[in-house]
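Structure at a glance
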Amino acid sequence: MLRKIVAEKVKEIDALLAGTALRDMERSMAGLPDTISMKKRFSQRKRPVGVIAEVKKASPSKGIIREDFSPVDIAKEYGRADVEAISVLTDSPFFQGKLAYLKEIKNRIEKPIPLLRKDFHLHPAQLYEARYYGADAVLLIAAILEREKLQEMAREARALGLEVLVEVHTEEELDLVLSAIEPDLLGINNRDLATFTTSLSTTLKLVERIPPSLITISESGISSADDITVLEQAHIDGVLVGEHFMRQQSIAEAVKSLVGPAVQQPKDIGV
C-alpha cells in the first residue's frame, strides 16, 4: 500500500511542477504570517502527555471513519480541548483529505494552534504548498525518504519557517534520522507499514534509543487512558491521535478523557 501511495504522490508532484500554482505560491510567501512553533507548544505543554489531534475522514485500511465530517468544526472542538497541535490529512486519493482544509482551519479556529500538514512529502514543492495553505509543520516519513532527500526536505522546510516532525517505525529508520538531521519532533509510528497492525511496543522499544532532549511523539493505535499512562511512564512527550477522536460523538470531551484537561500552569520541560 505504501508503494501505491508513493506512486500516486509522484504523479501529483509532476502535475504541480507542470502548472503555474507553484510559482503563484512562491510569490505569495513574503506576505504570510509567521508560523507557530509546535516544538515550543510541546515543551510548554499543559498536560503530562501532549496531543496532536488529527482531522481525519478516512484511511485505506478502515475506509470512512467519520461520516459527518466537517474539518473546521472538528478543529474548533480540538481548540476547546486546548490541544497542543492539530494534524490535517491532505492526501485525497487514499485519505479523502484536502489541502484547502489547512487554510479553512487556520482562518476559522478561535485561538492560534500549530497545524501539521500530514501527507507523503517527497519534493520541496509540497513544502511550498504546505506553507501557502497555512501549515506550521510538516510530516517527513523516513520510510519513503533516503538520507540525502531527508536532509534536503528538512533544510527546505526550515527555510520556509516550517518545523519538521520526522516519523520512524524501525530501529534502522531511527538510526538513519538521528545520524542525518536533528528533527524538531520525532514521531514513532506504532503501525507496521507492511501489515497495518499497531502495537505500543514499537514506541517502548525505540524510545530507549532516543536522546531525552528530543520531543518524542507516539503515533497510531492509541485509544485509552491506560495507553497514555504507559507512554507517560516511558517519558513520551506526546501522542498523535486521529481515528479514536473521529469515532466519538463529543470530540472535545474525548480529548480530555484520553489525555486529561489542560492545566492553567504549563508544563515546561526546558527544551
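So, here's what we can say about the structure. None of the values given here were measured: they were computed from a predicted structure.

Considerations on the overall build of the protein chain
- Counting its regular elements, the protein chain contains twelve helices and ten strands.
- Taken against the 2.2 N^0.38 rule, which gives 18 Å for 271 residues, the C-alpha radius of gyration of the protein chain at 17 Å falls within 12% of a compact globule.
- Over its C-alpha atoms, taken along the principal directions, the protein chain stretches across nearly 50 × 40 × 40 Å.
- Here the contacts in the protein chain between residues at least 6 apart in sequence split such that 70% fall between residues at least 24 apart.
- Working note: accessible area of the protein chain is about 12,100 Å², and carbon and sulfur atoms make up 48% of it.
- Here the protein chain contributes 36 positively and 41 negatively charged side chains, and the mean placements of these two sets differ by 4 Å.

As for the packing of helix α2 (residues 21–28) against helix α6 (residues 124–133)
- The geometry of α2 relative to α6 is characterised by a closest axis approach of 10 Å and an angle of 55 degrees between their N-to-C directions. When the interaxial angle is binned, α2 and α6 end up oblique. Handedness of the α2/α6 crossing: left-handed. Residues L22, M25, E26 and S28 of α2 form the contact with α6, whose participating residues are A125, Y128, E129, Y132 and Y133.
- A class-by-class count of the residues in the contact of α2 with α6 yields six nonpolar, one polar and two charged.

Looking at unusual backbone geometry
- Positive phi, close to 80 degrees, is recorded for S220, a residue that is not glycine.
- Checked against the element boundaries, S220 lands in the loop between β9 (215–219) and α10 (225–233).
- By relative accessible area, which is 16% here, S220 ends up buried.
- The backbone of H235 sits at a positive phi, close to 65 degrees, despite the residue not being glycine.
- Turning to its location among the elements, H235 is positioned in the loop between α10 and β10 (238–241).

Points about the sheet that holds strand β4 (residues 85–89)
- Overall, parallel pairing links the eight strands, which are arranged β1-β4-β5-β6-β7-β8-β9-β10 in a closed barrel. Direction aside, neighbouring strands of the sheet carry axes that sit 25 degrees apart on average.

A word on the side chain of E54
- Mapped onto the fold, E54 is located in strand β1 (residues 50–55).
- The contacts of E54, once residues within four sequence positions are left out, are Y78, S87, L89, K118, L240, V241, G242 and M246.

Considerations on the pattern of salt bridges
- Enumeration according to the criterion identifies 20 salt bridges in this entry.
- The salt bridge partner of K106 is D136, with a shortest N-O separation of 2.8 Å. Here D136 lies in the loop between α6 and β6 (137–141) and K106 lies in helix α5 (residues 100–108), a separation of 30 residues in the sequence.
- Across the salt bridge formed by R247 and E243, the nearest N and O atoms sit 3.0 Å from each other.
- Through salt bridges with shared partners, a single ionic network connects K9, E12, D91, R117, D119 and E129.

Focus: the packing of helix α4 (residues 71–80) against α5
- The contact between α4 and α5 brings their axes to 9 Å, and the two run at 45 degrees. Here α4 lies oblique to α5, going by the angle between them. Between α4 and α5 the crossing geometry is right-handed. Taken together, the residues of α5 that come into contact with α4 (itself represented by P71, V72, A75 and K76) are Y101, E104, I105 and R108.
- A class-by-class count of the residues in the contact of α4 with α5 yields five nonpolar, no polar and three charged.

A word on the nonpolar core
- Counting 91 residues, the largest nonpolar core has Y78 and F245 as its most contacted members.
- The element that contributes the greatest number of residues to this core is helix α12 (residues 251–259), accounting for six residues.

Details of the packing of aromatic side chains
- All told, the structure shown has four aromatic pairs when counted by the stated rule.
- Its end group placed over the ring of Y133, K103 keeps NZ or CZ at 5.0 Å from the ring centre.

Re the pairing of β6
- Most of β6 sits out of view: five of its five residues are buried.
- Burial of β6 is two-sided: the residues A137, L139 and I141 facing one way and the residues V138 and L140 facing the other way are all buried.
- As for the winding sense of the linkage, the β-α-β connection from strand β5 (residues 115–118) through α6 to β6 is right-handed.
- Sheet analysis places β6 next to strand β7 (residues 163–168), joined by five bridges and oriented parallel. What sits directly across from L139, in β7, is L165.
- The parallel pair β6 and β7, bridged by helix α7 (residues 147–159), forms a crossover whose chirality is right-handed.

Analysis parameters
Residues numbered from 1 in each chain as written. Predicted model: local features only at pLDDT ≥ 70, side-chain atom pairs only at ≥ 80, totals over all residues. Heavy atoms only, no water. Helix = DSSP H or I, 4+ residues; strand = E, 2+ residues; numbered from the N terminus. Rg over C-alpha atoms; globule rule 2.2 N^0.38 Å. Contact = heavy atoms within 4.5 Å. Areas by Shrake-Rupley, 256 points an atom, 1.4 Å probe, with all protein chains shown as cover. Lys, Arg positive; Asp, Glu negative; His and termini not counted. Charge placed at Lys NZ, Arg CZ, Asp CG, Glu CD. Axes fitted to C-alpha atoms, helices over the stretch in contact; angles between N-to-C directions. Parallel < 35°, antiparallel > 145°, perpendicular 65-115°, else oblique. Left-handed = near helix turned anticlockwise from the far one by under 90°. Nonpolar A, V, L, I, M, F, W, Y, C, P; charged D, E, K, R; others polar. Buried < 20%, exposed > 50% of the residue type's maximum accessible area, 1.4 Å probe, protein only. Pairing = 2+ DSSP bridges. Salt bridge = Lys/Arg side-chain N within 4 Å of Asp/Glu carboxyl O. Core = buried A, V, L, I, M, F, W, Y, C linked by side-chain atoms within 4.5 Å. Phe/Tyr/Trp six-rings, centres within 6.5 Å; stacked < 30°, edge-to-face > 60°. Lys NZ or Arg CZ within 6 Å of the ring centre and 35° of its normal. Right-handed = clockwise from strand over helix to strand, strands pointing away.

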